[in-house]
Amino acid sequence: RKVIFSGIQPTGVPHLGNYLGALRQWVKLQDEAAPDTTLLYSIVDLHAITVKQDAKQLAQWRKEMLASLQAVGLRSDRSILFYQSSVPQHAELMWILSCNASMGYLGRMTQWKSKLALPDSASPLDSSPSNKSALKLGLFSYPVLQAADILLYNTTHVPVGEDQAQHLEFARELAISFNHTHAPQAEAPLLVPPTTILSPAKRVMSLSNPAKKMSKSDADVKSRILISDSKEEIRRKLRSALTDSIEGITYDRENRPGVSNLVNLIYYMDESVGASPEMLAQDMQGLSMKALKEKAVETVEDRIRDVRERYEYYMRLPPSELGELAEGGGQRAQDIAKGTMKRVRTAMGMA
Ligand code: TYM
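Residues numbered from 1 in each chain as written. Predicted model: local features only at pLDDT ≥ 70, side-chain atom pairs only at ≥ 80, totals over all residues.

Focus: the site of the ligand
Here is step 1: Near the ligand there are 25 residues, and of these Gly7, Gly17, Gly21, Val160 and Gly161 occur at the shortest range.
Here is step 2: Split by residue class, the shell around the ligand holds 9 nonpolar, 11 polar and 5 charged. (Near = placed C-beta within 6 Å. Nonpolar A, V, L, I, M, F, W, Y, C, P; charged D, E, K, R; others polar.)

See the structure below:
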C-alpha cells in the first residue's frame, strides 16, 4: 500500500517554485491515487521556527498556507492536511532518531553549509552567523525532524523539488541504520525507507537572479510570483525579470539562464504548448524579449487565476472554519503516528 507524505513551511504564500516543484504534484497524486493510498500533507511549522519567527506573522502564515493548500486543489476529505505541531509524535520520534543520527552526516548537508557561509543581512537568521555559536541547534538538526515527519507515517513516497533530495537521502539512510540497530531480525522494516518523487519542474529559478532558485526567503519580492498574485503583479514581476540582450529565443540553461527559466515557466505551467522546453523555445525563436515575457504573463495568469480566486475565498472564511479542517487532519495523522510510536517504543524496550 502506498503512503504519500510531504511538507511545506508556513513562511509565506507559496510561489511558482513551490507550486510547480511540489504542490501541483501533490494534487496530481491525490487525484490519481488508488482508494487504499493514504496521503498526508503537512504544514511544517516546527521547521519554520528553526529561524527566528514573529508570533503574529507565523500565525498568519500558517493560515495562509492552509488556504493555499486548499486553493491548489487538495481536498481534506481525501488528503490529510495538518499542522506538524498539532501532532506531538513528530518531536518525539525526532528525539529518538537524533540518538541515531550522525553529526558528520548532518554537517555535510548543503542547506546547513549554505547558512554557515552567509555572513550578510541576506541571511534569514536573525543574528549574523559569521561565528558558529550564533547558529541554532534546531537548524542543524532540521533534517532529523524532516526524517521523523516522513518515517512517522510509514511513508513510501515523498513528492518534493530537487532542493529536498539530499534531506530525503538522509531520511532513507537513517531509517535503514535505525532498523539495523533496533530491529535487525524483523520481517517488515520497523521504519520504512521512503522513495523520492521529483516533479518534472524540479528547480524553478529566481526571476531577478536566475542563478539562484526561486525562494520564499529572498529579500527581493520581484524574484518570485506568488499563487495569490494579481495579473498586474505577475506582469510587473515578469517584465522586470532578468534576461539577456541576445536576439531571439533559445533554450540554453547554461548560457541563457534567465530566458530558459521563462521558457520553462511557460512550458511547465501549460504543457500543452509543446513537447519539451527545447521544442517550445524553437517555436518561439522569433519572439522579442518583450513578447516572450508577455506570453509568460498570459500563460501564468491563465493557469493561476482559479487558484488565486480559491485562495481569496478560503482566506475570507471565518478562521474557525478553516481551523476545524486542520484539526480534523491532525487527529487522523495522530492515529497513524501513535501506531508507529508504539512499534518504535516496543523495539527499543520503552513500551
Ligand atoms: P519548502 O517549504 O522550502 O518548500 C516546499 C516544496 O517546494 C519545493 N520548492 C521548489 N521546487 C522547485 N523549484 C523551486 N524554486 C522550489 N522552491 C521550493 C521544495 O522542494 C519542497 O518540495 N524541508 C522542506 C519541508 C519539509 C518536508 C518534510 C518535505 C519538512 N518535512 C518532509 C518533504 C517531507 C522545506 O523546507 O520545503
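Remarks on helix H4 (residues 89-98)
Here is step 1: For H4, the full list of buried residues reads Gln89, His90, Leu93, Met94 and Leu97. Looking down the long axis of H4, one finds its buried residues gathered within 135° of arc, a one-sided arrangement.
Here is step 2: Lining the buried residues of H4 we find helix H2 (45-48), helix H8 (142-151), helix H9 (165-182) and helix H14 (319-348). (Buried ≥ 20, exposed ≤ 12 C-beta atoms within 10 Å, placed from the backbone. Helix = DSSP H or I, 4+ residues; strand = E, 2+ residues; numbered from the N terminus. Arc of directions from axis to C-beta. Contact = placed C-beta atoms within 7 Å.)

Focus on the nonpolar core
Here is step 1: Formed by 86 residues in total, the largest nonpolar core has its most connected members in Ala147, Ala148 and Leu151.
Here is step 2: It is helix H11 (residues 257-269) that contributes the most residues to this core, 8 residues altogether.
Here is step 3: Here this core spans two domains, since at least three of its residues come from each of domain 1 (3-204 + 318-348) and domain 2 (228-314).
Here is step 4: Leaving out residues up to four positions away in the same chain, Leu151 has contacts with Leu93, Ala171, Ala175, Leu191 and Val192. (Core = buried A, V, L, I, M, F, W, Y, C linked by C-beta atoms within 7 Å. Domains from an automatic or database assignment.)

Side note on the domain arrangement of the chain
Here is step 1: According to the domain assignment, the chain consists of domain 1 (3-204 + 318-348) and domain 2 (228-314).
Here is step 2: The distance between the C-alpha centroids of domain 1 and domain 2 comes to 30 Å.
Here is step 3: Residue-level contacts link 11 residues of domain 1 with 8 residues of domain 2.
Here is step 4: When residues of the side of domain 1 that touches domain 2 are traced back to their parent elements, those giving at least two are helix H1 (16-32) and helix H3 (55-72).
Here is step 5: Among the elements that take part in the side of domain 1 that touches domain 2, H3 stands out by supplying 5 residues, more than any other.
Here is step 6: Class assignment of the residues belonging to the side of domain 1 that touches domain 2 gives a composition of 9 nonpolar, 2 polar and no charged.

Digging into the packing of H11 against helix H13 (residues 289-316)
Here is step 1: Between H11 and H13, whose axes approach to 9 Å, the crossing angle comes to 30°. On the basis of their axis angle, the class for H11 and H13 is roughly parallel. The way H11 lies across H13 gives a crossing that is left-handed. Residue-level contacts link Leu262, Leu265, Ile266 and Met269 of H11 to Leu292, Lys293, Lys295, Ala296, Thr299, Val300 and Arg303 of H13.
Here is step 2: Looking at the contact of H11 with H13 residue by residue, the classes come out as 7 nonpolar, 1 polar and 3 charged. (Axes fitted to C-alpha atoms, helices over the stretch in contact; angles between N-to-C directions. Parallel < 35°, antiparallel > 145°, perpendicular 65-115°, else oblique. Left-handed = near helix turned anticlockwise from the far one by under 90°.)

Comments concerning H11
Here is step 1: With 13 residues, H11 extends 18 Å between its outermost C-alpha atoms, agreeing within 8% with the 18 Å of an ideal straight helix rising 1.5 Å per residue.
Here is step 2: With 11 of 13 residues buried, H11 is to be regarded as a mostly interior element.
Here is step 3: Inspection of H11 places Val259, Ser260, Asn261, Leu262, Val263, Asn264, Leu265, Ile266, Tyr267, Tyr268 and Met269 among the buried residues, and these make up the whole buried set.
Here is step 4: The elements touched by buried residues of H11 are H1, helix H12 (277-283) and H13. (Expected span 1.5 Å × (residues − 1).)

Observations regarding the packing of H3 against H13
Here is step 1: Following both chains from N to C, one finds H3 and H13 inclined at 135°, their axes separated by 8 Å at the closest point. Regarding the angle of H3 to H13, the classification is oblique. The element H3 and its partner H13 pack so that their crossing is right-handed. Contact residues: H3 offers Ala67, Ser68, Gln70, Ala71 and Val72, while H13 offers Val307, Arg310, Tyr311, Tyr314 and Met315.
Here is step 2: Broken down by class, the residue content of the contact of H3 with H13 amounts to 7 nonpolar, 2 polar and 1 charged.

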